[in-house]
Amino acid sequence: MQVRSFYVKPNIPEKLLPLREIAYNLWFSWNWEAVELFIRLGGNYWNQSYQNPARLIGMVPQERYERLATDDSFVASVDSVYKKFKAYMSDQGTWFRKRFSDLNGTIAYFSMEYGLDEGLPVYSGGLGMLSGDHMKSASDLNLPLVGVGLLYRQGYFRQYLNADGWQQEEYPENDWYTMPVTRVEHEDGTPLMIEVEFPDALIKSQVWRVDVGRVQMYLLDTNIPENPPEHRVVTAQLYGGDRDMRIRQEVLMGVGGMRALKALGITPAVCHMNEGHSAFLAIERLRMIMEENKCDLASARELIWASSVFTTHTPVVAGNERFDPALVRKYMEPLGNSIGLGWDQFLALGRERPEDTTEAFCMTVLAIKLSAHCNAVAKLHGVVSRDMWKNTFPQLPVDEVPIGHVTNGVHIRGWLSHDLADLYERYIGPRFETDPMDFNLFDRIEGIPDIEVWRTHERRRERLVNFTRDRLRSRMTRRGAGASEIRSADEVLDPRAFTIGFARRFATYKRSTLLFRDPERLARLLNNEKYPMQLIFAGKAHPHDNPGKELIKHIVHMSRDPRFRNKIVFLEDYDAAVARYLTQGCDIWLNTPKRPLEASGTSGMKAACNGVLNCSILDGWWDEGYSPEVGFAIGSGEEYDDDNLQNHVESTALYDLLEREIAPSFYDRGRDGLPREWIRKMKASMKILGRFFNTSRMVAEYTDKYYAEAMRKNAHLGANGLSGAKALSDWRARVQAKWHEITIEAVDPSSVRDISTVVGTCLNVKARVRLGSLTPDDVQVELFHGSLSSKGEIVSGERTTMTPNGNGDGVTTFQGCIPCKMSGRYGYAVRILPKHADLVHPYDGKCLLWG
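Model, not experiment: these values are computed from the prediction.

What follows deals with the sheet that holds strand β28 (residues 849-850). Read across the open sheet, the four strands follow the order β24-β23-β27-β28; overall the sheet is antiparallel. Each end of this open sheet is capped by a strand with a single partner; those strands are β24 (794-801) and β28. Where strand β27 (residues 826-834) and β28 come together, two bridges link them in antiparallel fashion. Counterpart to Arg831 in the pairing with β28 is Trp850.

In structure tokens:
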């Protein structure tokens, strides 16, 4: 049977036509007036559409459209929202244009997942939510940025629990024709297609566009008739399948993503790899540059290295993507050969120790080696990452490994409850919405009356409890529960009780069951007549993570314990909608990772901007965000070798904190019924944490630290047929070839054992250096100095540049001065690095000499 398809579009009256344009731009997701408009349009259809306006406009009956088209109030609301939308889209006087008017080119942002809205389920968790918020703030700041990823036919799994509390997965099909995506087509209506060479076939992919305010995302889709069945499923599931499926997805995203941009007429000035999944893009970018400019590999590599940004998110070695070299060879050797990269050279790009033939191929290492701009996602995570990847930069002190940090944030307007947003509009003013970079506006939060803050929060808690009960009833009905059991959902939770929320991916290091370590003490806490508490859990375990599933099962079983009945709830199918209710309605947001295994975490930031206080281990973002005025810390940042001891100590500390400080503070009410001290912390959390842990600051920091310099390097090195890149590669080749000729012949003073000086002076140091065929302009001679540990090692070293001061007999004397700022025992060493004005940094892993 031959099936011929056709598409039926909603017949929207002319007065309401703007609804379609708004529905197909994710701008609506962070503008409550637009969401409210669709709720009014759809009525009961809103929830049936999974809060997806693109689907909703096709579900609304024609007679309702006709009726609303004659409703002056509704038409006026449509006109008002549309006017606001068009004003936003046309505003060119935004932060990036004002600050970087000299920059040209496009930033291409690659991510495996994007969490933009409930109605576009191509995300699994934190990485996707961060990517989505990155896109939204890029729009707000008007960055010349495009997103690139994959369009998953089944997305990430939907979670449900069986009667025993064991996680089950289902994969409903996404219908792209009722979602806020638009297929990219040629003028004749045929779809834009790109091709990627796989070992057994030439794979085709069509491209879909997602409008996110002022910026666009382009997502690849292999589920088309032109592909054989085994390749149509490459974009079926996010993080699904075996290792072969994973590498096919990553080849498609990296190599195919670059080809999609070219087909769209976009030549990125900067490529940002958000995690290592897309690192193969660097190989394809090399091929494109070599082909277009008729240049050699070394010149092309200088250009892509200087204009690539890589963000690592994983502080656990095992969590970084690694492939068997044979599998990488199967998919990537032809592309490597096409640019003159021998197989051993290719493998070396993905190995910390290229000489180790047993080492797997690591996508993180590939990204680090081909990106001059690398960063972690929190200050503490930067420390962890530099230590984790120090072998990629041999001889370099771990503190100098070139991985910086840009602490994550959240798109505040996208996560702020509409109730609080109304308060902000009244007391902060419209600039909170129109000027996201004016962080001083957060100071005005202090002017919001306490009673309004508290009553608003109480409404959110009530809505959370009602949402939880509705969700439980729905799940019970699905499981075939009896009428009495379904009615019991009405008794779950107390809308007035102190509510603790814990929602995140169920990985063992996050220790979701830490609070259950002493069930008897927990029972006393929850059932305290004076200070009652209740717990709401949510989260998914990876389909293959049975230990994570066991944690979920344990919580479900504990919730059925008579001691905890109606006090503990596990909400199934954690997604963006559940996250909103929880982060807007809980009183405390609990986080108990094993330090330092949390890279950043952003759910606590979402909670903080809604006045929900954090109670967390000092890990990830909370390590730099915590102060006593904004929340609570479990412990003092200790790290343990004994897991059992750590769990005992930190669970006890958590119980003590809840019992002696948190609950009494929450229930301490004045004569007016307000918990003044608690509200003070709520306001401080919203003000202090909100002004920093937001993606406007984050994206601006990426731009200031990385994007702007990378764009300038791309323009400079790529000009005039890559003349700058060619000159730099020639210089690098010459320096690397002659580096062995350099020797440090003498250092004066040669020892600091018997030297003493006083604070406020300088220790003058001279070094006699034989440079061989190189010149003083080719090198940077430095003093590396700092206090000494008990082992005689320099701690927190500083760099002081030495200047050439005399030349004779082929030896150059360099001189420098170490400032003596504080008393104590110090040490120094002389070292030599390559130097060139066009280098982003000198750490190439090859040229470094200590003396």
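A few words now on the packing of aromatic side chains. Under the criterion given, the structure shown has 36 aromatic pairs. For the ring pair Phe346 and Phe361, a centre distance of 5.7 Å and an interplane angle of 25 degrees mean the geometry is stacked. Within this pair, whereas Phe346 is found in helix α14 (residues 343-349), its partner Phe361 is found in strand β12 (residues 361-362), the two being separated by 15 residues in sequence. Relative accessible area serves as the criterion here: at 0%, Phe361 is assigned to the buried category.

Counting buried positions along helix α24 (residues 576-585) yields nine of ten residues, so the element is predominantly enclosed. Taken as a whole, α24 has its buried residues at Ala576, Ala577, Val578, Ala579, Arg580, Leu582, Thr583, Gln584 and Gly585. The N-cap of α24, judged by a side-chain oxygen 3.1 Å from the amide nitrogen of Ala577 a few residues on, is Asp575.

On to the packing of helix α2 (residues 32-42) against helix α6 (residues 72-90), then. Remark: α2 packs on α6, axes separated minimally by 10 Å, with the N-to-C direction vectors making an angle of 150 degrees. Regarding the angle of α2 to α6, the classification is roughly antiparallel. Crossing of α2 against α6: the hand is left-handed. For the pair α2 and α6, contact is made by Glu33, Ala34, Leu37, Arg40 and Leu41 and by Ser73, Phe74, Ser77, Val78, Val81 and Lys84, respectively. The residue inventory of the contact of α2 with α6, partitioned by class, reads six nonpolar, two polar and three charged.

Quick look at the sheet that holds strand β21 (residues 743-748) now. Spatially, four strands are ordered β21-β22-β26-β25 in an open sheet, and the strand pairing comes out antiparallel. Edge strands, defined here as strands with exactly one partner in the open sheet, are β21 and β25 (803-808). Neighbouring strand axes in the sheet, compared pairwise and without regard to direction, differ in orientation by 25 degrees on average.

As enumerated under the stated definition, the model contains one disulfide in all. The thiol of Cys374 is unpaired, and the distance to the nearest cysteine sulfur, on Cys362, comes to 12 Å. Residue classification places Cys374 among the buried positions, given a relative accessible area of 5%. A disulfide-free cysteine, Cys615 has its sulfur positioned 13 Å from the sulfur of Cys586, the nearest such atom. Taking the relative accessible area as the measure of exposure, Cys615 reaches 1% and is therefore buried.

Mapped onto the secondary structure, Asn610 falls in the loop between α25 (603-609) and β19 (613-617). With a relative accessible area of 4%, Asn610 lands in the buried category. In sequence terms Asn610 and Leu763 are 153 residues apart; their C-alpha atoms lie 53 Å from each other. Beyond its immediate chain neighbours, meaning those up to four positions away, Asn610 contacts Trp415, Leu416, Ser417, Leu420, His457, Thr583, Gln584 and Met686. Within the structure, the side chain of Asn610 is placed 2.9 Å from the backbone nitrogen of Ser417, a separation counted as a polar contact.

Cut-offs used in this document
- Residues numbered from 1 in each chain as written.
- Predicted model: local features only at pLDDT ≥ 70, side-chain atom pairs only at ≥ 80, totals over all residues.
- Heavy atoms only, no water.
- Pairing = 2+ DSSP bridges.
- Helix = DSSP H or I, 4+ residues; strand = E, 2+ residues; numbered from the N terminus.
- Phe/Tyr/Trp six-rings, centres within 6.5 Å; stacked < 30°, edge-to-face > 60°.
- Buried < 20%, exposed > 50% of the residue type's maximum accessible area, 1.4 Å probe, protein only.
- Polar contact = N/O pair within 3.5 Å; in protein donor to acceptor, adjacent residues only side chain to side chain.
- Axes fitted to C-alpha atoms, helices over the stretch in contact; angles between N-to-C directions.
- Parallel < 35°, antiparallel > 145°, perpendicular 65-115°, else oblique.
- Left-handed = near helix turned anticlockwise from the far one by under 90°.
- Contact = heavy atoms within 4.5 Å.
- Nonpolar A, V, L, I, M, F, W, Y, C, P; charged D, E, K, R; others polar.
- Disulfide = S-S within 2.5 Å.

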